[in-house]
Amino acid sequence: MPNRPYVVGNWKMNGSRAMLAEARAIDRAAGRYPDVQVALAPPFTMIGAIREAVSAMGVGGQDCHFQAKGAHTGDVSASMLVDSGADFVILGHSERRKDHGESDQLVRAKAEAAVAAGLGVIVCVGETLEERDAGGAESVVSGQVDGSLPQGENIGDAVAGGRVSVAYEPVWAIGTGRVADVPDVVAMHAAIRARIIALYGENGQKVRILYGGSVNAGNAADLLSAAGVDGALVGGASLTADAFLPIIAAAGNGEA
Ligand code: PEP
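Attention here is on the structure that accompanies the text. (Residues numbered from 1 in each chain as written. Predicted model: local features only at pLDDT ≥ 70, side-chain atom pairs only at ≥ 80, totals over all residues. Heavy atoms only, no water.)

**Things to note about the overall build of the protein chain**
Turning to step 1, where the next piece is worked out: In terms of helices and strands, the protein chain carries 11 helices and 8 strands.
Turning to step 2, where the next piece is worked out: The C-alpha extent of the protein chain, read off along each of the three principal axes, is 45 × 45 × 35 Å.
Turning to step 3, where the next piece is worked out: Per-residue burial over the protein chain gives 50% buried out of 256 residues.
Turning to step 4, where the next piece is worked out: Here the contacts in the protein chain between residues at least 6 apart in sequence split such that 73% fall between residues at least 24 apart.
Turning to step 5, where the next piece is worked out: Per element, the accessible surface of the protein chain, about 10900 Å² overall, is 50% carbon and sulfur.
Turning to step 6, where the next piece is worked out: Counting 20 positive and 29 negative side-chain charges, the protein chain places the centres of these two groups 5 Å from one another. (Helix = DSSP H or I, 4+ residues; strand = E, 2+ residues; numbered from the N terminus. Buried < 20%, exposed > 50% of the residue type's maximum accessible area, 1.4 Å probe, protein only. Contact = heavy atoms within 4.5 Å. Areas by Shrake-Rupley, 256 points an atom, 1.4 Å probe, with all protein chains shown as cover. Lys, Arg positive; Asp, Glu negative; His and termini not counted. Charge placed at Lys NZ, Arg CZ, Asp CG, Glu CD.)

**Notes on the site of the ligand**
Turning to step 1, where the next piece is worked out: Looking at the ligand, there are 14 residues lining it, with Lys12, Glu169, Gly175, Ser214 and Gly235 nearest.
Turning to step 2, where the next piece is worked out: The separation between an oxygen atom of the ligand and a polar main-chain atom of Ser214 is 2.8 Å.
Turning to step 3, where the next piece is worked out: Interatomic distance of 2.8 Å between a backbone N/O atom of Gly235 and an oxygen atom of the ligand.
Turning to step 4, where the next piece is worked out: In isolation the ligand exposes 290 Å². Once the protein is present, 95% of that is buried.
Turning to step 5, where the next piece is worked out: In terms of residue class, the shell around the ligand is made up of 4 nonpolar, 8 polar and 2 charged. (Near = heavy atom within 4 Å. Polar contact = N/O pair within 3.5 Å; in protein donor to acceptor, adjacent residues only side chain to side chain. Nonpolar A, V, L, I, M, F, W, Y, C, P; charged D, E, K, R; others polar.)

**Some details on the side chain of Ser165**
Turning to step 1, where the next piece is worked out: Tracing the sequence through the fold places Ser165 in strand β6 (residues 164–168).
Turning to step 2, where the next piece is worked out: Ignoring sequence-local partners within four residues, the contact set of Ser165 consists of Tyr6, Val121, Ile122, Val123, Val207 and Arg208.

**So, unusual backbone geometry**
A negative phi holds for most residues other than glycine; trans holds for most peptide bonds.
Turning to step 1, where the next piece is worked out: The backbone of Lys12 sits at a positive phi, close to 50°, despite the residue not being glycine.
Turning to step 2, where the next piece is worked out: Turning to its location among the elements, Lys12 is positioned in the loop between β1 (6–10) and α1 (20–32).
Turning to step 3, where the next piece is worked out: Residue Lys12 is classed as partly exposed on the basis of its relative accessible area of 21%.
Turning to step 4, where the next piece is worked out: The phi angle at Ser214 is positive, at roughly 60°, despite the residue not being glycine.
Turning to step 5, where the next piece is worked out: The topology assignment puts Ser214 in the loop between β7 (208–212) and α10 (220–224).

**So, α1**
Turning to step 1, where the next piece is worked out: For α1, which comprises 13 residues, the first-to-last C-alpha distance of 19 Å matches the rise-based estimate of 18 Å (1.5 Å per residue) to within 8%.
Turning to step 2, where the next piece is worked out: When α1 is considered as a whole, its buried residues turn out to be Leu20, Ala23, Ala25, Ile26, Asp27, Ala29 and Ala30.
Turning to step 3, where the next piece is worked out: Contact partners of the buried residues in α1: β2 (37–41), α2 (44–53) and α11 (241–251). (Expected span 1.5 Å × (residues − 1).)

**Regarding the environment of Val229**
Turning to step 1, where the next piece is worked out: Checked against the element boundaries, Val229 lands in the loop between α10 and β8 (231–234).
Turning to step 2, where the next piece is worked out: The class of Val229 is buried, set by a relative accessible area of 9%.
Turning to step 3, where the next piece is worked out: Between the alpha carbons of Val229 and His189 there is a distance of 6.9 Å; along the sequence they are 40 residues apart.
Turning to step 4, where the next piece is worked out: The residues contacting Val229, other than those within four sequence positions of it, are Val185, His189, Ile209, Tyr211, Leu223 and Leu224.

**Details of the sheet that holds β8**
Turning to step 1, where the next piece is worked out: Strand order in this closed barrel of 8 strands is β1-β2-β3-β4-β5-β6-β7-β8, and the pairing throughout is parallel. Direction aside, the axes of adjacent strands within the sheet are offset by 25° on average.
Turning to step 2, where the next piece is worked out: Where β2 meets strand β3 (residues 58–61), 2 bridges bridge the pair, whose relative direction is parallel. Residue Ala39 lies in a different strand from β3, and its bridge partner there is Gly58.
Turning to step 3, where the next piece is worked out: The sheet strands contacting α2 are β2 and β3, and the helix crosses β3 at an angle near 175°. (Pairing = 2+ DSSP bridges. Axes fitted to C-alpha atoms, helices over the stretch in contact; angles between N-to-C directions.)

Laid out in structure tokens, this is it:
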């Protein structure tokens with residue numbers, strides 16, 4: 001069911017073994033909403049422990065190197081993520097693009113390595129406030145989609161199998177409490193879908209486009225029911241089951 005809604009928690013650089021109880025509670029909620037694909041991306045250090053603690057939800061990384069192994073101190077490869085129990089990876093998050101200078105070209109190389117290793121990928125794109133105010137949101141994000149999404153021979157099966165997703169995350173909405181207006185989200189998702197179809201052809205309909213940026217219990221239903229929104233990438237509100245469950249429930253059209 002590649003097109004069921006996809007709700008993914010990004011724990012960023014938060015989380016310790018003390019939070020395993022939260023992961024278990026989120027997993028129980030995932031079991032109650034089989035029509036929603038739920039996943040969590042904890043820090044690398046917790047992937048193995050969470051994998052062993054859960055059964056209904058996906059577990060993923062927040063980055064990987066584009067090479068399989070070698071002299072890259074501090075980095076983790078896609079196959080290492082698989083080995084630790086991950087089934088997907090978030091790539092090109094704006095915090096990585098900003099803090100680590102990641103270019104579209106690098107994000108694409110990582111995405112291709114991740115797909116080759118058997119991981120699902122969530123490629124993040126999004127404009128800054130300056131770019132939006134200058135009227136450039138659509139062209140900036142279209143360029144990121146063209147430059148960052150995986151391409152090449154092996155990608156068709158991953159796309160057809162729903163293992164390639166895009167997260168539209170306006171940079172100014174991440175962690176700020178300032179959420180994008182629904183009509184703007186709809187317009188951006190339509191522009192992103194057009195670029196995806198240009199890249200992958202009709203198979204590109206299988207690519208889910210998630211919205212990310214200050215999603216919470218109060219705004220999730222409006223965002224997740226908007227045209228072209230196939231799920232959510234959630235940061236702060238994924239850190240506790242109490243905050244995350246209503247978002248999963250909204251994706252499943254139900255009560256928490
Ligand atoms: C994110 O980390 O991708 C994100 C969208 O964060 P937040 O939900 O906290 O804005």
